[in-house]
Amino acid sequence: MSNRPLVSVIIIFVDAAKFIQEAIESICSQTYAGWELLLVDDGSTDASTEIALRYAEKCPGKIRYLEHEGHKNHGMSATRNLGLRHATGEYIAFLDADDVWLPHKLEQQVNIMQLHPEAGMVYGASQYWHSWVGELENGQRDHTPRLGVRPDTLILPPTLLILSLQSVARTPCPSDFLVRQAVVKDVGGFEEHFSGLYQLYEDQAFLAKVFLKTPVFVAAKCWDRYRQHPESCVSVAKTMGKKYTAGLFYLNWLDGYLSAHGIVDDELWAALRNKRFRYRYPNLHRLLGSTRRRLRRVNEIFRTLA
């Protein structure tokens, strides 16, 4: 595998002792051997720091441990960027510390990228993983949501951004995609002011920049298990009722980003305006949607009677 492209895998973590070893082992079990692993600590106070250091000591030159100065916490985007500054691979992959990869993830994604040199990124369909707790009823809840686009297709910019704003295409999980390092550098990495509550959308801000910049290959395959648990960033935000607040922060940032870069695509701007309306007035949007559905049913009844 020495002549194959190197993939820099980045796991960022904070207090992830419960799951991080399983995440690391899923990388070590890859059928593709051309990877380096950067374990980037965002100020952990539990045993996850010790676990990461143990792996780095066990596999020097293959696995590295990184942390912010003073072992401080700087948030997800700043921690991803710390990993990116030390990455040496042609490709970049992220694995959240509570998720796992399936064994052929890197091998199949690298092959796709080599077959499609015009693609800057590849992603597939994540499994929403409930059965990790081992209960039968949770196993029945495992599912892989629809991609929202035709699979095994190269999609040109800015189509994926438009479709994500329209809630047609599902936003890929960070643990799912593989991206060229050149593209990451071109778009400037992650937006570090997406911190605190707004971390919920830090991956979407990065993906928006990528979707505007480069063609993306969307594959039918499932390569990762996206662990569902109440301590995840998404679950905490929903429990606190902060989804729309964080979403509006992202949409307002996107407005500024599009304006600053002179993006004039009418369909994209319309999708952004509609999405922002939905997030600014969620109750009104639900009421309007319900009214439209009732009107459609009434129209169908009249057509049947005519």
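Where helix α10 (residues 243-260) meets helix α11 (residues 266-280), the axes come as close as 9 Å, and the angle between the chain directions of the two elements is 155°. Taken together, the axes of α10 and α11 lie roughly antiparallel to each other. Crossing angle aside, the handedness with which α10 passes α11 is left-handed. Residues Lys-243, Tyr-244, Gly-247, Leu-248, Leu-251, Asn-252, Leu-254, Asp-255, Leu-258 and Ser-259 of α10 form the contact with α11, whose participating residues are Leu-268, Trp-269, Leu-272, Lys-275, Arg-276, Arg-278, Tyr-279 and Arg-280. The class makeup of the residues in the contact of α10 with α11 is 9 nonpolar, 3 polar and 6 charged.

End to end, helix α8 (residues 202-213) covers 17 Å across 12 residues, agreeing with the expected 16 Å (1.5 Å per residue, within 8%). Counting buried positions over the 12 residues of α8 gives 10, a clear majority of the element.

Taken in spatial order, the 8 strands of this open sheet run β3-β2-β1-β4-β9-β6-β10-β8, and their pairing is mixed. Of all the strands in the sheet, just β3 (63-67) and β8 (153-155) have a single pairing partner and so form its edges. Neighbour-to-neighbour, the strand axes of this sheet turn through a mean angle of 20°, independent of strand direction. In the sheet, strand β6 (residues 121-123) pairs with strand β9 (residues 178-180) via 2 bridges, with the strands oriented antiparallel.

Of all hydrophobic cores here, the largest spans 54 residues; its most connected members are Met-121, Leu-160, Leu-161, Phe-206, Tyr-250 and Leu-254. Here this core takes 8 residues from α10, the largest share from any one element. If near-sequence neighbours (up to four positions away) are discounted, Leu-160 is found in contact with Tyr-123, Val-149, Ile-155, Ala-169, Phe-211, Val-216 and Val-218. Within the second largest apolar cluster, 34 residues are counted, among which are Ala-16, Ala-23, Ile-112 and Met-113.

Attention now goes to the packing of aromatic side chains. Considering all chains together, one arrives at 14 aromatic pairs under this definition. Where Phe-94 meets Phe-190, the ring centres are 5.4 Å apart and the plane angle is 85°; that geometry is what we call edge-to-face. Of the two residues, Phe-94 sits in strand β4 (residues 91-94) while Phe-190 sits in the loop between α7 (181-187) and α8, which places them 96 residues apart along the sequence. With 5.4 Å between their ring centres and 55° between their planes, Phe-277 and Tyr-281 make a pair best called tilted. What makes Phe-277 partly exposed here is its relative accessible area of 31%. Through a chain of ring-to-ring contacts, three or more aromatic side chains come together here, namely Phe-194, Tyr-198, Tyr-201, Phe-249, Tyr-250, Trp-253 and Tyr-257. Note that Arg-80 overlies the ring of Phe-94, its terminal NZ or CZ placed 5.3 Å from the centroid.

This part is about the pattern of salt bridges. Counted by the stated rule, this structure contains 7 salt bridges. For Glu-202, the salt bridge goes to Arg-80, with nearest N and O atoms at 2.9 Å. Taken together, the positions of Glu-202 in helix α8 and Arg-80 in helix α3 (residues 76-86) put the pair 122 residues apart, joining distant regions of the chain. The class of Arg-80 is buried, set by a relative accessible area of 1%. Across the pair Arg-276 and Asp-255 runs a salt bridge, and its minimum N-O distance is 2.7 Å. Remark: Asp-255 occurs in helix α10 and Arg-276 occurs in helix α11; sequence separation between them is 21 residues. Connected through shared salt-bridge partners, Arg-80, Asp-96 and Glu-202 make up one network.

Moving on, we get to a nonpolar patch on the surface. On the surface, a nonpolar cluster with roughly 260 Å² of combined accessible area is contributed by Phe-277, Tyr-281 and Leu-284. Along the chain, Leu-284 falls in helix α12 (residues 282-305). Judged by relative accessible area, Leu-284 falls into the partly exposed class, the value being 39%.

Rules and cut-offs
- Residues numbered from 1 in each chain as written.
- Predicted model: local features only at pLDDT ≥ 70, side-chain atom pairs only at ≥ 80, totals over all residues.
- Heavy atoms only, no water.
- Axes fitted to C-alpha atoms, helices over the stretch in contact; angles between N-to-C directions.
- Helix = DSSP H or I, 4+ residues; strand = E, 2+ residues; numbered from the N terminus.
- Parallel < 35°, antiparallel > 145°, perpendicular 65-115°, else oblique.
- Left-handed = near helix turned anticlockwise from the far one by under 90°.
- Contact = heavy atoms within 4.5 Å.
- Nonpolar A, V, L, I, M, F, W, Y, C, P; charged D, E, K, R; others polar.
- Expected span 1.5 Å × (residues − 1).
- Buried < 20%, exposed > 50% of the residue type's maximum accessible area, 1.4 Å probe, protein only.
- Pairing = 2+ DSSP bridges.
- Core = buried A, V, L, I, M, F, W, Y, C linked by side-chain atoms within 4.5 Å.
- Phe/Tyr/Trp six-rings, centres within 6.5 Å; stacked < 30°, edge-to-face > 60°.
- Lys NZ or Arg CZ within 6 Å of the ring centre and 35° of its normal.
- Salt bridge = Lys/Arg side-chain N within 4 Å of Asp/Glu carboxyl O.
- Patch = residues over 30% accessible without salt bridge, like charges linked within 9 Å, V, L, I, M, F, W, Y side chains within 5 Å.
- Areas by Shrake-Rupley, 256 points an atom, 1.4 Å probe, with all protein chains shown as cover.

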